[in-house]
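Here's the letter readout for the chains.
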Amino acid sequence: MQFISKKARAIAPYTAGEQLRDRTYIKLNTNENPYPPSLRVQEALAAFPAEELRRYPRPDADLLRAAIAGQEGVSPENVFCGNGSDEVLALSFPAFFDTDGAGACFADLTYSFYEVFASFFGIPVTIVPLRGDFTFDLDALARTVCRGYYIANPNAPTGVGIGRAEMERFVADVPEKLVILDEAYMDFFGESCVPLTQKYENVLVVKTFSKSYSLAGIRCGYAVGNARLIAALCRMKDCFNSYPVDAVAQAVCTAAVQDKAYYAGVTQAVISERTRLQGALRELGFTVPESASNFLFAGRARAGGREIYTRLKEAGILVRFWDKPVLKDFVRITVGTAAENDALIAQLKQILS
Ligand SMILES: *Cc1c(COP(=O)(O)O)cnc(C)c1O
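Everything in this summary refers to the structure shown in the same document. (Residues numbered from 1 in each chain as written. Predicted model: local features only at pLDDT ≥ 70, side-chain atom pairs only at ≥ 80, totals over all residues. Heavy atoms only, no water.)

## Points about helix H5 (residues 113–121)
An α-helical segment advances 3.6 residues per turn. Residues three or four places apart therefore align on the same side.
Now for step 1: Among the residues of H5, those classed as buried are Phe113, Tyr114, Val116, Phe117, Ala118 and Phe121.
Now for step 2: Those residues of H5 that are buried are in contact with helix H4 (85–96), strand S3 (104–107), strand S4 (125–128), strand S5 (148–152), strand S6 (178–182) and helix H9 (227–240).
Now for step 3: Where H5 terminates, the next one or two residues include Gly122, which has phi positive at roughly 65°. (Buried < 20%, exposed > 50% of the residue type's maximum accessible area, 1.4 Å probe, protein only. Helix = DSSP H or I, 4+ residues; strand = E, 2+ residues; numbered from the N terminus. Contact = heavy atoms within 4.5 Å.)

What follows is the structure in C-alpha cells.
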C-alpha cells in the first residue's frame, strides 16, 4: 500500500512470546514470575485515587526514581525510568549510537530485541559468537571495533551469567566504549553491576519490574548510570513521549521497591525451584547450561525443540521455541511454581519415553 513507509515495510519486528487466552495454560514461556506482586503493591494499587488520572503523571517519575535510587545506592539523577526496560533499551540506541561509524556489538545468541532496535534506528551492528558452552567470550568482545556493547547478564535465552568481578575487568578493559548491561534477570543471580556505575562512566545498567518484581503487566523498567548518560536518555524520551511511565505504574513500582523483604523471599523460592527443575531436566537427558536466571535453556534431548514445544502446548503447557540455528534444538522454560514444574516434568517424561 502506498501509504506505508519503506521502513515499515522492510523492518522485521521483534516477536514476543505467545500470550494465548484460548484456554488455561501453565504458562512457562515469557519468564513472568509465578508468584503475585507483594501485598504492599496490591494495597498501593487498590488505594490509587482514580481522580488523580485526570492529571498527567510526573513526567520524570521523580518519586519512583528516588525510591529506586535509595534501593540501588545511587542518586535520583543516576536513574531513568521508562515504559518497560524494552523502551529504555530502545531509547539507548539513538542516545548512544550513530548511524555512521562504529556501531553496537552484541552476542549471536542474546535478546533479539537488540537487533530490531539497531535496525530500526539504522545503527551498524557487529555480532560476536558465544562459545560452544554458551558462555560469553569477553576477550573477543573487547577486541571488537565498536562504539559500545549490549550484554544481557544473565543472558537470554541461555540463562548464563557473568560474575561482577569478571564484568569489572571487561569494563575496565574497554574504557572508550559504552557497556550497556541488560540485567532483566539479575535478581536471580545477585551479581548486579550497579555498583560499577559509580566507578566507571562507561557502564549503564538496565533493569525491569517485569521479572523479579512480578509486574510485567505494569510496563516499567529503568536504567542506572552516570548522570550524563541518564540525561541523554531523557532527551530521547522527550522526543517520543513525555510521560512514558503512567501514574498507576509510578505508585505501584514505588511500593514494590520498598518491599525488598517480600521479593527476596519470592526470588529465593524461584531459585530453589530452578535448582530442582534443572536437575530433573538433566536427568531426562537435556543439556541445560547452568542458569543464573528464572528460566532454563534445555535441549539436545531425544526430541527437538519444536516437537517438545508442540507436544507441551497440546498438553496445556507453554514454553518458548525459536526456529533458528542452534536455538531450534532447545526450548526455554520459565521456572514456575512447584506444582507447575511437576506437571511439566511429568509431561516431558511422557514425550521423551
Ligand atoms: C524480559 C526482558 C526485558 C524486558 O522487558 P520489559 O518487560 O520491557 O521490562 C529486557 N531484556 C531482557 C533480556 C528480557 O528478557
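And the narrative resumes.
## Section: the pattern of salt bridges
Pairing of side chains with opposite charge becomes possible as their charged atoms draw close.
Now for step 1: Tallied over the full model, the rule gives 15 salt bridges.
Now for step 2: Across the pair Glu32 and Lys27 runs a salt bridge whose closest N-O atoms are separated by 2.8 Å.
Now for step 3: Look at Glu32 and you get partly exposed, because its relative accessible area is 27%.
Now for step 4: On the basis of relative accessibility, which here comes to 23%, the residue Lys27 falls in the partly exposed class. (Salt bridge = Lys/Arg side-chain N within 4 Å of Asp/Glu carboxyl O.)

## A short note on the site of the ligand
Now for step 1: Neighbouring the ligand are Gly84, Ser85, Asp86, Tyr111, Ala156, Asp182, Ala184, Tyr185, Thr208, Ser210, Lys211 and Arg219.
Now for step 2: Tyr185 places a polar side-chain atom, nitrogen or oxygen, 2.5 Å from an oxygen atom of the ligand.
Now for step 3: Within the side chain of Lys211, a nitrogen or oxygen atom sits 3.1 Å from an oxygen atom of the ligand.
Now for step 4: Taken by itself the ligand offers 390 Å² of open surface, and the protein chains cover 93% of this.
Now for step 5: Each residue belonging to the shell around the ligand can be placed in one class, and the counts come to four nonpolar, four polar and four charged. (Near = heavy atom within 4 Å. Polar contact = N/O pair within 3.5 Å; in protein donor to acceptor, adjacent residues only side chain to side chain. Areas by Shrake-Rupley, 256 points an atom, 1.4 Å probe, with all protein chains shown as cover. Nonpolar A, V, L, I, M, F, W, Y, C, P; charged D, E, K, R; others polar.)

## Here's the deal with helix H10 (residues 247–257)
Now for step 1: Taken across its eleven residues, H10 has ten buried, putting it largely inside the fold.
Now for step 2: Buried residues of H10: Ala247, Val248, Ala249, Gln250, Val252, Cys253, Thr254, Ala255, Ala256 and Val257, and no others.
Now for step 3: If you follow the buried residues of H10, they end up packed against helix H2 (39–46), helix H3 (62–72) and helix H11 (260–283).
Now for step 4: Of the residues flanking the start of H10, the one acting as N-cap is Asp246, its side-chain oxygen 2.9 Å from the backbone nitrogen of Val248.

## Topic: empty space enclosed by the protein
Rolled over the atoms, a probe as big as a water molecule pinpoints where empty space is left.
Now for step 1: Under the defined criterion, the tally for this structure stands at one cavity of 30 Å³ or more.
Now for step 2: Each pocket or cavity is described by its volume, and for the largest cavity that value is around 80 Å³.
Now for step 3: Along its surface, the largest cavity is lined by 15 residues, and Pro59, Asp60, Ala61, Cys81 and Lys237 are the ones closest to its centre.
Now for step 4: Secondary-structure elements contributing two or more residues to the lining of the largest cavity are strand S2 (79–82) and H9.
Now for step 5: Here the lining of the largest cavity gets three residues from one element, more than from any other, and that element is S2.
Now for step 6: Taken together, the residues of the lining of the largest cavity break down into nine nonpolar, two polar and four charged. (1 Å grid on protein atoms, 1.4 Å probe; cavity = no way out; pocket = protein on both sides within 12 Å on 5 of 7 lines; lining within 4 Å. Points joined across faces, edges and corners; volume = space filled by probe spheres on them.)

## With respect to the packing of helix H12 (residues 305–314) against helix H13 (residues 338–352)
Describing two packed helices takes the angle between their axes plus the distance from one axis to the other.
Now for step 1: Relative orientation of the contacting elements H12 and H13 amounts to 120°, with a least axis distance of 10 Å. For the element pair H12 / H13, the angle class is oblique. Viewed along their axes, H12 and H13 form a crossing whose handedness is right-handed. Counting all contacts with H12, which are made through Ile308, Arg311 and Leu312, the residues of H13 involved are Leu344, Gln347, Leu348, Gln350 and Ile351.
Now for step 2: Looking at the contact of H12 with H13 residue by residue, the classes come out as five nonpolar, two polar and one charged. (Axes fitted to C-alpha atoms, helices over the stretch in contact; angles between N-to-C directions. Parallel < 35°, antiparallel > 145°, perpendicular 65-115°, else oblique. Left-handed = near helix turned anticlockwise from the far one by under 90°.)

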